[in-house]
Amino acid sequence: MSVPGSRPGVGSLPERARTAAALSWRAHPLATVGSVVIALVSGAAPVLTAWLTKLVIDGLATRQDLGRLLPVTAALAAAGLVLIAAPSLSTYVQGQLRRTLRTLIYDRLFAAVNMHPGLSRFEDPGFHDELRLGTEAGETAPDRLVTSSLAVGQALVTMAGFVATLAVINPPMVAIIIVAALPSVGVQLSLSRRRAAVQARITPNMRRQIFFGSLLTTPEAAKEVRLFGLGDFLRGLMLAELRTVNTAERDLDRSALRHHGLLSLLGTVVAGAGILWAVVSAAGGGISVGDVTVFVAAAAGVQAALGSLVGQWAEAHHALLLFGHYLAVVRDRPDLPIPAAPAPMPALRAGIELRDVWFRYSSDHAWILRGIDLFIPYGRSVALVGLNGAGKSTLVKLLCRMYDPDRGVIRWDGTDLREISPVDLRERIGAVFQDYMSYDLTAGQNIMLGDLAFAGDNGGDRIEAAAAEAGVHGTISALPRGYDTMLSRTFFGDHDQESGVVLSGGQWQRVALARALMRRHRDLLILDEPSSGLDAEAEHAVHMSLRRLRQGRTSVLISHRLGTIRHADLIAVLDDGRIVERGSHDDLIAAGGVYARLFDLQASGYEPAPATPGGDSVRTTTPRTRSSGR
Ligand code: ADP
Ligand code: MG
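Computed from a predicted model, the values in this text were never measured in an experiment.

Engineer: Can you help me understand the coordination of the magnesium ion (ligand 2) in this one?
Structural biologist: Expected angles at a metal are 109.5 degrees for tetrahedral coordination by four donors and either 90 or 180 degrees for octahedral coordination by six donors. Donor atoms from the polypeptide that bind the magnesium ion (ligand 2) are Ser393 (OG) and Gln434 (OE1), placed at 2.0 to 2.1 Å. Here Ser393 is found in helix 9 (residues 392-399), whereas its partner Gln434 is found in the loop between strand 6 (429-432) and helix 11 (443-448), with 41 residues between them in sequence. Taking relative accessible area as the criterion, Gln434 reaches 6% and is therefore assigned buried.

Written out as structure tokens, the structure reads:
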């Protein structure tokens, strides 16, 4: 996986560690402090136990009186209790921390996603990768980081404790202990490095495996999978990816086994030699019997602590690398510049002007709009016509400021859209896009989303009115639960196991239109092919209704059926990113240009194909699956 180590914004590793610690503190101060205290106590307990054991044994060996031995023994029992209780307590406290941290991380991550006013990030595969890794890392990294840092801290306390203890008893023991522990340190280090490399290598395989698996279950894919008989083929691809992952993991585990086996043997030999030395020294009276027990405990304790230290250090390092993805998302700048002091946005009075607007989706794409000049007067209806790919939908997206023009300017009553807050701008616009959404929600909710002011119980009448204007009230009323019917077969209703209803493409389109009409009193109404999926009769009915609604309102209508736009106040013909003709229907017919030719063609019964690159009747329930060919 790509690791954003040196990118600006994501910070150096120490800076990331500080951010992660601050997040953890922010999420749950008590659990953070609790975790640290438990780790320190757990780190000290083995040392304390060993020391108290030594005191007890030496006391017994020198026949101390019971009155002095008993308190030490009681303390030993207490230390044992701490050792037993600490792991479960730590699991609980860290669980608490993890849960609150997860909520905080998700909150920040998706607030950062929502912060982008435009569309460009969402069309950038790199952003999606970052977001996926960031979500993964955001959920696991701080938690792993906290756990690992605490484990490192705990190991350090244990080690320091033992080393100090041994240094007091007999300094040569310190040297022996450290030499005995070194082999395992080397193994852990090289293994964790290899583990990180293997993980990076198999991540794409895991992603593809998940992708093939999801293809086998999504309803969107099920039809083609069955028609083309792709089921076993895709299953095979999925399993092949899984096998690659398994092989890599097995190789890693085998190597871990080999190294561990070999080096723990080595470690044991050195430790054994140390114990031999300790016993011989004790026999010779050089050290006490209690000292031998401390030495044995220290040998095991330091070895374990060092191993844990190195392993957890590597874990923390890996978590910090991953955490960079999260930081990249939350520290991203908005994809469109937002003015610090947005211009006020009074209701539209004069009109919207496009002046020499040039636009392309990125610098390696061709120009889509090439110097558009257009005035959309207040209270008038403007229609855009043109062949597929002419740039009509793109122009509409620019009007909503989903992108900024590369050159030229769009002005709302004379104010550059870039000086207005995107939120304020969109408050004033109602739109149905060509590639509208179909939400896995109830019919009523699907329409209500057009204006969240109607989210409560008060929305019913307004929703039904919008549905009626879009010609879908009858259809919805006839559903099993009317407006409360779930429009989905993938999700179930709130309470019961009742399945939803699947609408046809044309019915969905009318629901989308109804959603846009929830905002019909806004300053600008945009309708991009609102009837392309409807049959001729329904299309006629919808356009009659729309004509009435557009009367006296500022609106932009795109339709490939020229009969439906002939009453527009102004018709602009777009060709290859330029406006080549403009005027009323009668003007354009009289001019005998592109529009007149297209109109004649349709009048004679021949329809140019409606499918467009934007996707004419594409419905999007799960955008990620639709574009999931990555
Ligand atoms: P129209 O609505 O007139 O059919 P569009 O505005 O949808 O045309 O598309 C104009 C051109 O822009 C097409 O060539 C299309 O492939 C391209 N295009 C549309 N959307 C995108 C996008 N998100 N990224 C890159 N190219 C796009
Ligand atoms: Mg279009």
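Engineer: Which parts of the structure should I look at to understand a positive patch on the surface?
Structural biologist: Positive charge collects at one region of the surface, where Arg194, Arg201, Arg254 and Arg258 lie side by side. Secondary-structure elements contributing two or more residues to the positive patch are helix 5 (171-215) and helix 7 (231-283). Assignment of secondary structure puts Arg254 in helix 7.

Engineer: Would you take a moment to explain the sheet that holds strand 8 (residues 554-558) for this structure?
Structural biologist: Backbone-to-backbone hydrogen bonds join strands into a sheet, with any given pair of strands oriented parallel or antiparallel. With respect to topology, 6 strands assemble into an open sheet ordered 6-7-8-3-9-10, the strand pairing being mixed. Two strands in the sheet have a free side with no partner beyond their single neighbour: strand 6 and strand 10 (578-583). Direction aside, the axes of adjacent strands within the sheet are offset by 15 degrees on average. With 4 bridges connecting them, strand 3 (residues 381-385) and strand 9 (residues 570-575) associate as parallel partners. Counted as the bridge partner of Val382 is Leu570 from strand 9.

Engineer: Please clarify how a nonpolar patch on the surface should be interpreted in this entry.
Structural biologist: Together, Trp25, Val33, Val37, Val41 and Val82 give the surface a local cluster of nonpolar side chains, amounting to about 410 Å² of exposed area. The dominant element in the nonpolar patch, judged by the number of residues it contributes, is helix 2 (residues 29-61), at 3 residues. Of note, Val33 is situated in helix 2. Residue classification places Val33 among the partly exposed positions, given a relative accessible area of 40%.

Each value, and the rule that gives it
- Residues numbered from 1 in each chain as written.
- Chains lettered and ligands numbered in written order.
- Predicted model: local features only at pLDDT ≥ 70, side-chain atom pairs only at ≥ 80, totals over all residues.
- Heavy atoms only, no water.
- Donors = N, O, S within 2.8 Å, 3.2 Å for Na, K, Ca; no water.
- Helix = DSSP H or I, 4+ residues; strand = E, 2+ residues; numbered from the N terminus.
- Buried < 20%, exposed > 50% of the residue type's maximum accessible area, 1.4 Å probe, protein only.
- Patch = residues over 30% accessible without salt bridge, like charges linked within 9 Å, V, L, I, M, F, W, Y side chains within 5 Å.
- Areas by Shrake-Rupley, 256 points an atom, 1.4 Å probe, with all protein chains shown as cover.
- Salt bridge = Lys/Arg side-chain N within 4 Å of Asp/Glu carboxyl O.
- Lys, Arg positive; Asp, Glu negative; His and termini not counted.
- Charge placed at Lys NZ, Arg CZ, Asp CG, Glu CD.
- Pairing = 2+ DSSP bridges.
- Axes fitted to C-alpha atoms, helices over the stretch in contact; angles between N-to-C directions.

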